[in-house]
Amino acid sequence: MDSLAKNLQSVQQRIADAAARAGRNPNEITLVAVSKTFPAESVLAAHALGVRHFGENRVEEAVEKIPLVLRQLPNHPTTELPNITWHLVGHLQSRKVKDAAALFDFVQSVDSVALARRLSDRAAAIGKTMPILLEVNVSGEASKYGFASAPREPFFAAVREILALPHLDAQGLMTVAPIVAQADDARPRSAFRALRELRDELRARFPDRPWQHLSMGMTDDFQAAIAEGATIVRIGRAIFGERK
Ligand SMILES: *Cc1c(COP(=O)(O)O)cnc(C)c1O
């Protein structure tokens, strides 16, 4: 087996083990393979091994890579659409919204009401409703994008505005945990727990939406994220190898 196949099998096994330890069904956890910095060939190779969800963090890179991948993928036999879902996981600048709306199937990194408005308008213009997640900076690190989760009221006010936008479908929350040097550092797990608690509050506050997704967990911390309820894990290095 080549290293991609081995890496993928190991990640899938670790997801299944973490789910089992948490008493969860591994089928409720979607693996998004984060292919940033890796070429179209790597995406095609992972797709051939069964991966269907891919994440990119820069629109400039995706503008090149996504069409290249789509041209080489076989279409799904019944839908006749490419059987792949592209997730934007990095910060979206307003001048890139037009490209992002056209290229991506899911935007996990909505971090302001202004961006949400622009994205809804662009989605409307091309006849799409875009599934989104709200990115939250639960750890409050100054270097991070995302809505502040404290105090709660301004965040809830932003959520209310976003839920009123007709061409967005808000399905949950996303976060990037603090990067830590030691595997036993408790801060990532606290961040994941905080995101889950915030999701539970949203369910109580805006009960007409299911708030079904918690996108949290990367190569170094996805098992802790699964223990805290992640439904989407975003994994790059453990699948594709170290980035240059
Ligand atoms: C790069 C990236 C990932 C994947 O990180 P790895 O450590 O390579 O697993 C996940 N989420 C976001 C937002 C990223 O930018």
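Here the structure is shown first, and the text comes after it.
Residues numbered from 1 in each chain as written. Predicted model: local features only at pLDDT ≥ 70, side-chain atom pairs only at ≥ 80, totals over all residues. Heavy atoms only, no water.

Q: Talk me through the pattern of salt bridges; I want residue IDs and the actual numbers.
A: Applying the stated rule across the entire model yields 18 salt bridges. For Glu28, the salt bridge is made with Arg24, and the minimal N-O distance between the two is 3.1 Å. It is possible to trace a salt-bridge network through shared partners that takes in Glu56, Arg58, Glu60, Glu61, Lys65 and Lys96. (Salt bridge = Lys/Arg side-chain N within 4 Å of Asp/Glu carboxyl O.)

Q: Outline unusual backbone geometry, supporting the account with residue identities and numerical values.
A: Cis geometry marks the peptide bond from Ala150 to Pro151, where omega comes out at -5°. Here the phi dihedral of Thr37 falls at roughly 75°; this positive angle occurs in a residue that is not glycine. When its relative accessible area of 47% is taken as the criterion, Thr37 is described as partly exposed. Notably, Trp211 is not glycine yet its phi reads approximately 50°, a positive angle. Relative to the elements of secondary structure, Trp211 occurs in the loop between α7 (187-205) and β7 (213-215). Relative accessible area serves as the criterion here: at 0%, Trp211 is assigned to the buried category. (Buried < 20%, exposed > 50% of the residue type's maximum accessible area, 1.4 Å probe, protein only. Helix = DSSP H or I, 4+ residues; strand = E, 2+ residues; numbered from the N terminus.)

Q: Outline the site of the ligand, listing residues and values.
A: The immediate surroundings of the ligand are formed by Val34, Lys36, Val89, Val176, Met218, Thr219, Arg234, Ile235, Gly236, Arg237 and Arg243. Between the ligand and the protein, one listed contact pairs an oxygen atom with a side-chain N or O atom of Arg243 at 2.7 Å. In isolation the ligand has 380 Å² of accessible area, and contact with the protein removes 92% of it. Within the shell around the ligand, the residues separate by chemical class into five nonpolar, two polar and four charged. (Near = heavy atom within 4 Å. Polar contact = N/O pair within 3.5 Å; in protein donor to acceptor, adjacent residues only side chain to side chain. Areas by Shrake-Rupley, 256 points an atom, 1.4 Å probe, with all protein chains shown as cover. Nonpolar A, V, L, I, M, F, W, Y, C, P; charged D, E, K, R; others polar.)

Q: Can you explain the nonpolar core? Please cite residues and give values.
A: Residues Leu119, Ile132, Leu134 and Phe155 are the most contacted members of the largest nonpolar core, which totals 72 residues. With residues near it in sequence (within four places) discarded, Ile132 still touches Phe106, Val107, Val110, Leu119, Ile162, Leu168, Asp169, Ala170, Gln171 and Gly172. Residues Val32, Leu133, Met174 and Ile232 belong to the second largest nonpolar core, which totals five residues. (Core = buried A, V, L, I, M, F, W, Y, C linked by side-chain atoms within 4.5 Å. Contact = heavy atoms within 4.5 Å.)

Q: Describe in detail the environment of Pro178, supporting the description with residues and values.
A: Here Pro178 is to be found in the loop between β6 (168-174) and α7. Pro178 gets classed as buried once you look at its relative accessible area, which sits at 8%. The spatial distance from the C-alpha of Pro178 to the C-alpha of Gly229 is 17 Å, given a sequence separation of 51 residues. With sequence-adjacent residues up to four places away left out, Pro178 is seen in contact with Ser139, Glu141, Lys144, Arg187, Pro188 and Ala191.

Q: Could you give an account of the environment of Ser143, with specific residues and numbers?
A: Here Ser143 shows up in the loop between β5 (130-135) and α6 (152-163). With a relative accessible area of 68%, Ser143 lands in the exposed category. Between the C-alpha atoms of Ser143 and Val233, which are 90 residues apart in sequence, the distance is 22 Å.

Q: Quick one: what's the story with the packing of aromatic side chains, residue by residue and with numbers?
A: In the structure shown here, the tally under the stated rule is six aromatic pairs. Where Phe147 meets Phe155, the ring centres are 5.6 Å apart and the plane angle is 65°; that geometry is what we call edge-to-face. Judged on exposure class, the residue Phe147 and its partner Phe155 are both buried. Within the aromatic cluster, the residues linked to one another by ring pairs are Phe147, Phe155, Phe156, Phe206 and Trp211. (Phe/Tyr/Trp six-rings, centres within 6.5 Å; stacked < 30°, edge-to-face > 60°.)

Q: So, the side chain of Gln171: which residues are in play, and what are the values?
A: Locating Gln171 in the fold gives a position in strand β6. Among the residues examined, Gln171 registers a relative accessible area of 13% and is labelled buried. Not counting residues up to four positions away in its chain, the partners in contact with Gln171 are Phe106, Pro131, Ile132, Leu133, Trp211, Gln212 and His213.

Q: Break down the packing of α6 against α7 for me, with residues and values.
A: Where α6 contacts α7, the axes come no closer than 12 Å and their chain directions differ by 60°. For the element pair α6 / α7, the angle class is oblique. Judged by the sense of rotation from one axis to the other, the crossing of α6 with α7 is right-handed. Contacts from Arg152, Glu153, Phe155, Phe156, Val159 and Arg160 of α6 reach α7 at Leu198, Glu201, Leu202 and Arg205. In terms of residue class, the contact of α6 with α7 is built from five nonpolar, no polar and five charged. (Axes fitted to C-alpha atoms, helices over the stretch in contact; angles between N-to-C directions. Parallel < 35°, antiparallel > 145°, perpendicular 65-115°, else oblique. Left-handed = near helix turned anticlockwise from the far one by under 90°.)

Q: I'd like a description of the pairing of strand β2 (residues 53-56), backed by residues and values.
A: By the bridge criterion, two bridges tie strand β1 (residues 30-34) to β2 in an arrangement that is parallel. Each residue of the ladder has a partner; that of Val34, found in β2, is Gly55. After leaving β1, the chain enters helix α2 (residues 40-48) and then returns to the sheet as β2, a path that is right-handed. Where β2 lies against strand β3 (residues 85-88), four bridges are found, and the strand directions are parallel. (Pairing = 2+ DSSP bridges. Right-handed = clockwise from strand over helix to strand, strands pointing away.)

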